[in-house]
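Residue-level listing of the chains:
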Amino acid sequence: MSTLTNLVRAGLAAALTATTVVAGATASPAAPTDNPPATGPHVVLGQAGNYPSEQQRVGVFSLSWTSVGTEDLIGPTHFTVDLPPGVTTNGAMFYSMPPDYTFTESVSPDGRHLEAVLLGNRAPGRSDFMKITLIAAGTGPITGAITALVANADDQDPTGHLSTHVFGGDQPAPALPAEPRVDTVSTTAGPGVGGTPVTLTGTGLTGAMVLIGGQPAPGSCTDTACTVTTPGGSGSADITVAGPSGTTSAPADFTYTGDAPPLPPVPSGISLTPNGKVADGEQLIVLGRDLAGGTVAIDGDPAPHFSCGPQLCTATAPASSRPGPVDVTVTTAGGTSSPVPFTYSP
């Protein structure tokens, strides 16, 4: 997977239910349903753009998503995009500022399947999107559908996890996969440095992400199997499959043997913006090195909302009963940064 660095301000809102776009129609958010509001973390997808056509063989569309639940959506969040025969892509460009996340993506050799993972937290109301260039081969009408799916292990509401664009209105739109189930795990032990091939078999695995010890395992899934390689780790790690329709545990854990991979460096070089007085609820920007996946603490407690990329974290200043200086730290698996103070407004 390659990390994308082309970053601009996000601005597209996602649909609140599964979205289907038919060729020739203008994409718009789906109408609200009578279902009760989502509780807990929840993410929804939407898409719109200039898709390829019989006259124009190259197009660009935006796949957008929004955190709409009552709690922060915490990473990793997994996306898949499948293209119809004759339509390919060479990858996605992710657009979101500030860069308080890590975003990776990969494309299958035939150019018809894209996988992406966003590592970062998203407070309710936060929206992001990626742009995907499409190329249609040959001439004549384009048939089939673009199918986009999203999955997050903590999101238990499948509403809005599917977005499709159908080329031509005389064919059915794809349906949301069934709830995932894992029956077998091919390999249950391997070195702590990672890289062990593992195959999971079951059903409802389309669009799923395999997590080993909570970390994404690179690979891909069909409806009946996921083929991945283990990330680094130590000891016994649970295997979880997060799919668009739910999350399930595998029937066996994975045991890491030998030495674990080296820990990342301790976060360092911390500075704050603004570096003066900050009011309750105001956003802080934390700059530094080796911050990816970190937890931002203010006065010793985790910030109400925070998210960290490699060189930048965002954090919300919590309510405080006392004005004055408090310390900010960032903690990752590598350790905790030296404290940097900021001052609450009276």
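Higher on the page you've got the structure.
In this text, all values refer to a predicted model and were calculated from it rather than measured experimentally.

Reading the values: rules and limits
Residues numbered from 1 in each chain as written. Predicted model: local features only at pLDDT ≥ 70, side-chain atom pairs only at ≥ 80, totals over all residues. Heavy atoms only, no water. 1 Å grid on protein atoms, 1.4 Å probe; cavity = no way out; pocket = protein on both sides within 12 Å on 5 of 7 lines; lining within 4 Å. Points joined across faces, edges and corners; volume = space filled by probe spheres on them. Helix = DSSP H or I, 4+ residues; strand = E, 2+ residues; numbered from the N terminus. Nonpolar A, V, L, I, M, F, W, Y, C, P; charged D, E, K, R; others polar. Buried < 20%, exposed > 50% of the residue type's maximum accessible area, 1.4 Å probe, protein only. Pairing = 2+ DSSP bridges. Core = buried A, V, L, I, M, F, W, Y, C linked by side-chain atoms within 4.5 Å. Contact = heavy atoms within 4.5 Å.

### Points about the layout of surface pockets
So, step 1. Taken as a whole, the largest pocket encloses approximately 1,100 Å³ of empty space.
So, step 2. Forming the walls of the largest pocket are 45 residues, and the residues nearest its centre are Leu119, Gln215, Pro216, Ala292 and Gly293.
So, step 3. Mapped onto the lining of the largest pocket, the elements with two or more residues apiece are strand S8 (102-107), strand S9 (113-119), strand S16 (209-212), strand S17 (215-216), strand S18 (219-221) and strand S29 (306-308).
So, step 4. Considered class by class, the residues forming the lining of the largest pocket number 25 nonpolar, 18 polar and two charged.

### Topic: the pairing of strand S23 (residues 254-257)
So, step 1. Alternating positions in S23 separate cleanly, Phe254 and Tyr256 being buried on one face and Thr255 and Thr257 remaining unburied on the opposite face.
So, step 2. Relative to S23, strand S14 (residues 189-191) is paired through three bridges, and the arrangement is parallel. In the strand pairing of S23, Pro191 is matched with Thr257.
So, step 3. Judged from the three bridges that link them, strand S20 (residues 235-237) and S23 form a sheet pairing that is antiparallel. Within S23, the position partnered with Ser236 by the bridge is Thr255.

### Description of the nonpolar core
So, step 1. Phe61, Trp65, Phe79, Val81, Met130, Leu134 and Ile146 are the most contacted members of the largest nonpolar core, which has 27 residues in total.
So, step 2. Breaking this core down by element, the ones donating at least two residues are strand S3 (43-50), strand S4 (58-67), strand S5 (77-82), strand S7 (92-95), S9, strand S10 (127-136) and strand S11 (144-152).
So, step 3. Tallying contributions element by element places S10 first for this core, with four residues.
So, step 4. If sequence neighbours within four positions are ignored, Ile146 has contacts with Gln47, Tyr51, Phe61, Val81, Asp82, Leu83, Pro84, Leu134, Ser163, Thr164, His165 and Phe167.
So, step 5. Leu284, Cys308, Ala317 and Val326 belong to the second largest nonpolar core, which has 19 residues in total.

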